[in-house]
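Coordinates in review
Take a look at the letters that make up each chain.
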Amino acid sequence: MSEMEGFHYIGKPLARKEDKRLVTGRGRFVDDIVVPGALHACFVRSPHAHARILKISTEAACDLSGVIGVFTGEDLDRWTNRLRVAPPIEGLHPTEISTLPIDKVRFHGDPVAVVVAKDRYVAEDATELVDVEYELLPAIASLENALVGNAVLVDETLPSNLVSHQSFSAGNVDRRRKEAHTVVEASFYQHRQTHVPMETRGCVAVWDAGREHLTFHTGSQVVHPLRSQLAVRLGLSESQVAVISLDVGGGFGQKIALYREELTVAALARHLSRPVRWREDRSENLMAASHARENFCRTRASVTAEGRILGLELEITEDFGAYCFYPANYMSRVVAMILTGPYRIEDYAFDVKIALTNKCGNGPMRAPMSITSWVMDGTIDAVARQLGLDPVDVRRTNMIGTEDLPYRMPTGELLEDITPAETLRSVIDAVGYDAFRNRQRALRNEGRYIGLGLCTVVESTTYGSAFYKSTGIPGSGHEAAWVRIEPSGVVNASVGLGATGQGYETAMSQAVAEGLGVDPSCIRIHIGNTDVAPYGMGSRGARGGTAGGGSLYLCAQKARGHVLRIAAHELGLNSASDLRLLAGRVERLLNGVWSATGISLADIARTAYLDPTNLPDGVAPGLDFSLTYDPPPMTYSNSSHACEVEVDIRTGMLSISRYVVSEDCGTVINPIVVRGQQQGAIAMGLSGAMLEEVVYDENGQNLSATFADYLVATACELPNFEILHNHTPNKRTPAGIKGMAEGGVMGSIASLTNAVNDALAPFGVVANRQPLSPQYLRSLLRERM
Amino acid sequence: MSVARMISLTVNGETLEATVEPRKLLADVLREDFGLTGTHVGCEHGVCGACTVLIDDQPARACLTYAIQMEGHEITTIEAVGGTDLSPLQRALHEEHGLQCGFCTPGIIMTFEAFLRDTPDPSEDDVRDVLSGNLCRCTGYQNIVAAVLKAARTIREERP
Ligand code: FES
Ligand code: FES
């Protein structure tokens, strides 16, 4: 029996425990938390992309009734420590930023001052009365301008705007190029996007002057790392700060870093000894929270006549924006590391350049490495196009099969327990590949252009501490859990994740249920409070299932072992080896049959807490367990995506007619939750690739600061997704969990673009930029029709 | 800025009073003055639908409405939906996993409580069309559509 089949609670489609409060309007998001007497902060933001701050006049604002004060970068510099990002990574320049700008602003929307008032409306009024004198500097609004020789410096402490540059080579790509039948070049431009959690950022900072303690309510994916950051930047100890995140209205990577606004609010609460709150408005969120993507990739594939890839070269350039809240190579590096994904490629080289520009700073957004699969499978399609081969055949010629596993990627990454050939076969069967080609031919004769795009994703999901160590990125990938069986036999448990909609209260209770042997309804998961949860690394990447679920599962198993030892003692047995706990009752294996013993978990809990003299020798009172777990350096899931589109060649309108995905994400803790994550990730990818775009003009003015300009897909633009399951367990993780939630973004942007190119093939054009707007598709077709 | 004055609103069948400036948005008065924080604010410019409430039984954006204009009107918020039990729509959203973070959910429920009252047997296209007035960043909409269609079936079956 494989592990996946032997589960009692893992794998059950339990509807979510968190829903009831949310569907009745009784959730508690940041702005729902009432703090009597709280003051309101509102930021004064730069109207310029790049300018020196000459003078800030605050008198008029301070005179407004209800205003408590106006504070600037100089004030914050006295009350906080600067952010230095300087990990020991070769080719990465260290950067340092103050909490608010002092000498100059670096992007349109940069906060230059903050008003504190008794009322949010008054605070906003007062920001208009703060007069900032600027001296304009030339704005760096594109990668090209950032990297020219005499470019103005975004960060004047750096030698150039090239903040990070790494290269790597395995094998001998030069030789492979010479041996090749053909060298195929392809390029890919992914535009700037932003996360758009429906709940914007915000916080409430409460400083208890008597206890010298800060309580910080905010929506965070990583409450403990955020607490560490707050403490360091405020010059406090970690015992002086508590971070609390109750309900969080989406994060997608935007709610990881400690940004300048939140730190400012915390510092103000301490300085004023009054609670201070801040609610970011949508235009601030779109303009100044965090941006993502905007990278340009070029590949060169040396191939045989049959399409076998002998060598692959990648160049990435990323527009990182103005400020580094992460090491600048953080996102692009992962793209370069895992580019080859499901394909057998030994000779591989990459060159990764990251530039600073006068735009909002970049951060990881759901699938920070989202472009990877588009670049790889887009290159495969380019090979097929250039050699006149079928794109499915080129994929199969190069794909890693079961016989190749474990497979060491040219960058050293180890792939085990993945099934790309199987997921690819399953989507191809589902869409009826040959029938599609017939339909496509027939419709072309009628002047209609449909296309099918494929993409196979190998998704890096769980990053263990060894990964952090080997890449020089500060941090760790381990996770922590505790499980407490209370005197009545109910179970409380906690883990260091940060929920932003993933249904942890349900799925994580199933992980505990499985490890312990208790129904999930008797288990309550407590997360999002640093005083309650153990210090964990939070939710980022797709680590929740493997790291979070894994540590809870192991911790619950530890608890079960202890409980059964007590049960064995009560039953007068020498060993617990023939005992198990199921549905909260102890059972004993007698003649090959599990039989009731009459002992329940509640009985044992009563003994452990209230009658400890009846415990076996050497067993301490209470039932309180904790554990940390460090996953393998990296775990991988895989999936294959098939997207069918139609392009109206007269208008450039793109519509998606069918979307099929087949995924292997290992043991699934809760299939309802996993399906929701698959749908959400694909939707985010499609929305980004079709509609969303942060637009800056040549002067660095942000032109996309409302939902009328930054378009997020609605229910009318997205199809239903057909989801096929191909799950196989990971042999090295607890319960065989692999993790998931980002691969859908990777696969969808690739399969969509590949589909468009398939549809437009008769015109000999290739879309190599996103978003795939009607205007862009028309511009490609205009010259060819 | 102008002078605050006392207004009296009918919210969820109760008469509530607050002293507010004429410029104060209905969404802010509901949330801040009346403590009804189930009405969410996602954009303050009328696009996301998170702030949807019923004004005289019709869905409306509480972020585009001044509270002072609402005297003499009946306002219904998410807090009044479902009572001790969940409504068929709330139940269907739970069963079909039609919410993840749940921030968009109250606005969607208010939109569709009214829609299903007037359109008992909608098609999927009808539902998607109306749902396009509410942004959801988490779900990809598929399960919300399924939940609305399921709730419609339940309501039809439960009707005397
Ligand atoms: S907050 Fe009213 S529509 Fe977005
Ligand atoms: S459930 Fe998160 S925005 Fe809809």
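Note that the coordinates shown come from a computational prediction; the quantities given were computed from them, not determined experimentally. (Residues numbered from 1 in each chain as written. Chains lettered and ligands numbered in written order. Predicted model: local features only at pLDDT ≥ 70, side-chain atom pairs only at ≥ 80, totals over all residues. Heavy atoms only, no water.)

With respect to the overall build of chain A
Counting its regular elements, chain A contains 21 helices and 30 strands. Relative to the globule expectation of 28 Å for 785 residues, the C-alpha radius of gyration of chain A, 28 Å, shows essentially globular dimensions. Seen along its three principal axes, the alpha-carbon backbone of chain A occupies a region of about 85 × 75 × 45 Å. A buried classification covers 65% of the 785 residues belonging to chain A. Here chain A holds 74 positive side-chain charges and 90 negative ones, and the gap between their average locations is 2 Å. (Helix = DSSP H or I, 4+ residues; strand = E, 2+ residues; numbered from the N terminus. Rg over C-alpha atoms; globule rule 2.2 N^0.38 Å. Buried < 20%, exposed > 50% of the residue type's maximum accessible area, 1.4 Å probe, protein only. Lys, Arg positive; Asp, Glu negative; His and termini not counted. Charge placed at Lys NZ, Arg CZ, Asp CG, Glu CD.)

Side note on the side chain of D347 of chain A
Residue and element names in this part refer to chain A. Secondary-structure assignment places D347 in strand 17 (residues 347–355). Here the side chain of D347 touches N172 through a polar contact of 2.7 Å, landing on its backbone nitrogen. Of the polar contacts made by the side chain of D347, one reaches the side chain of R176; its length is 2.6 Å. The contacts of D347, once residues within four sequence positions are left out, are A170, G171, N172, V173, R176, L310, G311 and L312. (Polar contact = N/O pair within 3.5 Å; in protein donor to acceptor, adjacent residues only side chain to side chain. Contact = heavy atoms within 4.5 Å.)

Concerning the interface of chain B and chain A
Contacts between the two partners involve 46 residues from chain B, matched on the other side by 54 residues from chain A. Summed over the shared surface of chain B and chain A, the result is eight salt bridges. Between R279 of chain A and E44 of chain B there is a salt bridge, with its nearest N and O atoms 3.3 Å apart. Every element with two or more residues in the side of chain B that touches chain A is listed here: helix 1 (26–33), helix 2 (88–95), helix 3 (105–118), helix 4 (124–131) and helix 5 (142–158) of chain B. Here the element with the most residues in the side of chain B that touches chain A is helix 4 of chain B; it accounts for four residues. A breakdown of the residues in the side of chain B that touches chain A according to their chemical character gives 18 nonpolar, 17 polar and eleven charged. (Salt bridge = Lys/Arg side-chain N within 4 Å of Asp/Glu carboxyl O. Nonpolar A, V, L, I, M, F, W, Y, C, P; charged D, E, K, R; others polar.)

Overview of the domain arrangement of chain A
Residues and elements named next belong to chain A. What the domain assignment reports for chain A is domain 1 (19–26 + 478–629), domain 2 (38–137 + 199–249 + 255–289) and domain 3 (291–465 + 633–784). The centre of domain 2, based on its C-alpha atoms, is set 36 Å off from the matching centre of domain 3. Opposite the 28 residues of domain 2 that make contact, domain 3 presents 24 residues. Contact between domain 2 and domain 3 buries roughly 2,100 Å² in total, counting both sides, with carbon and sulfur atoms accounting for 65%. Considering only the side of domain 2, the residues that lose the most area to domain 3 are R106, H108 and L286, jointly responsible for 27% of the buried surface there. Where domain 2 meets domain 3, there are zero salt bridges. At the junction of domain 2 with domain 3, the criterion picks out nine residue pairs in polar contact (both at pLDDT 80 or more). Of the residues forming the side of domain 2 that touches domain 3, the biggest block, six residues, is contributed by helix 9 (residues 282–289). Looking at side-chain class alone, the side of domain 2 that touches domain 3 contains 18 nonpolar, five polar and five charged residues. (Domains from an automatic or database assignment. Buried area = accessible area lost by both parts, 1.4 Å probe.)

Some thoughts on the sheet that holds strand 8 (residues 131–136) of chain A
Strand pairing in a sheet relies on backbone hydrogen bonds, with the paired strands running either antiparallel or parallel. All names here are of chain A. Pairing is antiparallel in the open sheet, where three strands are placed in the order 6-2-8. Looking along the sheet, the strands with just one partner apiece sit at the ends: strand 6 (104–105) and strand 8. The sheet contact formed by strand 2 (residues 51–57) and strand 6 spans two bridges and is antiparallel. Paired with R52 across the bridge in strand 6 is K104. (Pairing = 2+ DSSP bridges.)

Quick look at the environment of L214 of chain A
Residue and element names in this part refer to chain A. Mapped onto the fold, L214 is located in strand 12 (residues 213–218). For L214, a relative accessible area of 1% corresponds to the buried category. Considered as a pair, L214 and P275 are 61 residues apart in the sequence and their alpha carbons are 9.7 Å apart. The contacts of L214, once residues within four sequence positions are left out, are A205, V206, W207, L230, L234, Q240, V241, A242 and A266.

Topic: the packing of aromatic side chains
Residue and element names in this part refer to chain A. Across all of its chains, the model carries 15 aromatic pairs over all chains by this definition. For the pair Y449 and F763, a centre-to-centre distance of 4.9 Å together with 55° between the ring planes defines the contact as tilted. Of this pair, Y449 sits in strand 20 (residues 449–463) while F763 sits in the loop between helix 20 (743–760) and helix 21 (774–782), placing them 314 residues apart in sequence. Accessibility assignment for this pair places Y449 and F763 in one class, buried. Aromatic side chains Y659 and F721 sit 5.7 Å apart centroid to centroid with 85° between the ring planes, which places their arrangement in the edge-to-face category. Separated by 62 residues along the polypeptide, Y659 in strand 29 (residues 654–664) and F721 in the loop between helix 19 (671–690) and strand 30 (722–725) bring together distant segments of the chain. As far as burial versus exposure is concerned, Y659 and F721 are alike and both buried. One aromatic cluster is present, formed by F168, Y348 and F350 through successive ring pairs. Between the NZ or CZ atom of R260 and the centre of the ring of Y323, over which it lies, the distance is 4.2 Å. The ring centre of W207 lies 5.4 Å from the NZ or CZ of R270, which sits over that ring. (Phe/Tyr/Trp six-rings, centres within 6.5 Å; stacked < 30°, edge-to-face > 60°. Lys NZ or Arg CZ within 6 Å of the ring centre and 35° of its normal.)

A word on the domain arrangement of chain B
Frequently, the measure chosen for interface size is the accessible area removed from exposure when the parts meet. Residue and element names in this part refer to chain B. Examined at the domain level, chain B breaks down into domain 1 (5–80) and domain 2 (88–158). Placing the centre of domain 1 and that of domain 2 at their C-alpha centroids yields a distance of 22 Å. Of the roughly 1,200 Å² buried at the junction of domain 1 and domain 2 (both faces included), carbon and sulfur atoms supply 62%. Area buried by domain 1 at its contact with domain 2 is led by H40, T52 and I78, which between them contribute 38% of it. Seen at the junction of domain 1 and domain 2, the total is zero salt bridges. Here domain 1 and domain 2 share five residue pairs in polar contact (both at pLDDT 80 or more) between them. Among the secondary structure elements, those contributing two or more residues to the side of domain 1 that touches domain 2 are strand 3 (52–55) and strand 4 (58–61).

Overview of the pattern of salt bridges
A complete count under the given rule lists 64 salt bridges over all chains for this structure. Its salt-bridge partner being R106 of chain A, residue D155 of chain A comes within 3.9 Å of it at the nearest N-O pair. Here the residue D155 of chain A occupies a position in the loop between helix 5 (143–147) and strand 9 (162–170), and R106 of chain A occupies one in the loop between strand 6 and strand 7 (111–117), the gap between them amounting to 49 residues. There is no split in this pair, since D155 of chain A and R106 of chain A are both buried. The partner of R437 of chain A in a salt bridge is D758 of chain A, with the nearest N and O atoms 2.9 Å apart. A residue pair is termed long-range when its members are at least 10 positions apart, and R437 of chain A in helix 14 (residues 433–445) and D758 of chain A in helix 20 qualify at 321 residues. In this structure R437 of chain A comes out as buried when scored by relative accessible area, which is 15%. Salt bridges linked by common partners bring D31, D32, R120, R277 and R279 of chain A together with K24, D28, R31, E32, D33 and E44 of chain B together as one network.

Description of the environment of V232 of chain A
Residues and elements named next belong to chain A. Relative to the helices and strands, V232 resides in helix 7 (residues 223–234). Note on V232: relative accessible area 55%, which makes it exposed. Placed 353 residues apart in sequence, V232 and R585 show a C-alpha to C-alpha distance of 47 Å.

A look at the packing of helix 2 of chain B against helix 5 of chain B
All names here are of chain B. With their axes 8 Å apart at the nearest point, helix 2 and helix 5 run at an angle of 140° to one another. By the criterion of interaxial angle, the relationship of helix 2 to helix 5 is oblique. The hand of the helix 2/helix 5 crossing is right-handed. Seen from helix 2, the contacting residues are P88, L89, R91, A92, L93 and E95; seen from helix 5, they are I144, A147, V148, K150, A151, T154, I155 and E158. Tallied by class, residues from the contact of helix 2 with helix 5 come to nine nonpolar, one polar and four charged. (Axes fitted to C-alpha atoms, helices over the stretch in contact; angles between N-to-C directions. Parallel < 35°, antiparallel > 145°, perpendicular 65-115°, else oblique. Left-handed = near helix turned anticlockwise from the far one by under 90°.)

A few points about the packing of helix 2 of chain B against helix 3 of chain B
Residues and elements named next belong to chain B. Across the interface, helix 2 lies against helix 3 with an axial gap of 10 Å and an inter-helix angle of 135°. One element, helix 2, and the other, helix 3, form an angle in the oblique class. Handedness of the crossing formed by helix 2 with helix 3: right-handed. Listed contacts from helix 3 to L89, Q90 and L93 of helix 2 are T105, I109, F112 and E113. Of the residues that constitute the contact of helix 2 with helix 3, the class distribution is four nonpolar, two polar and one charged.

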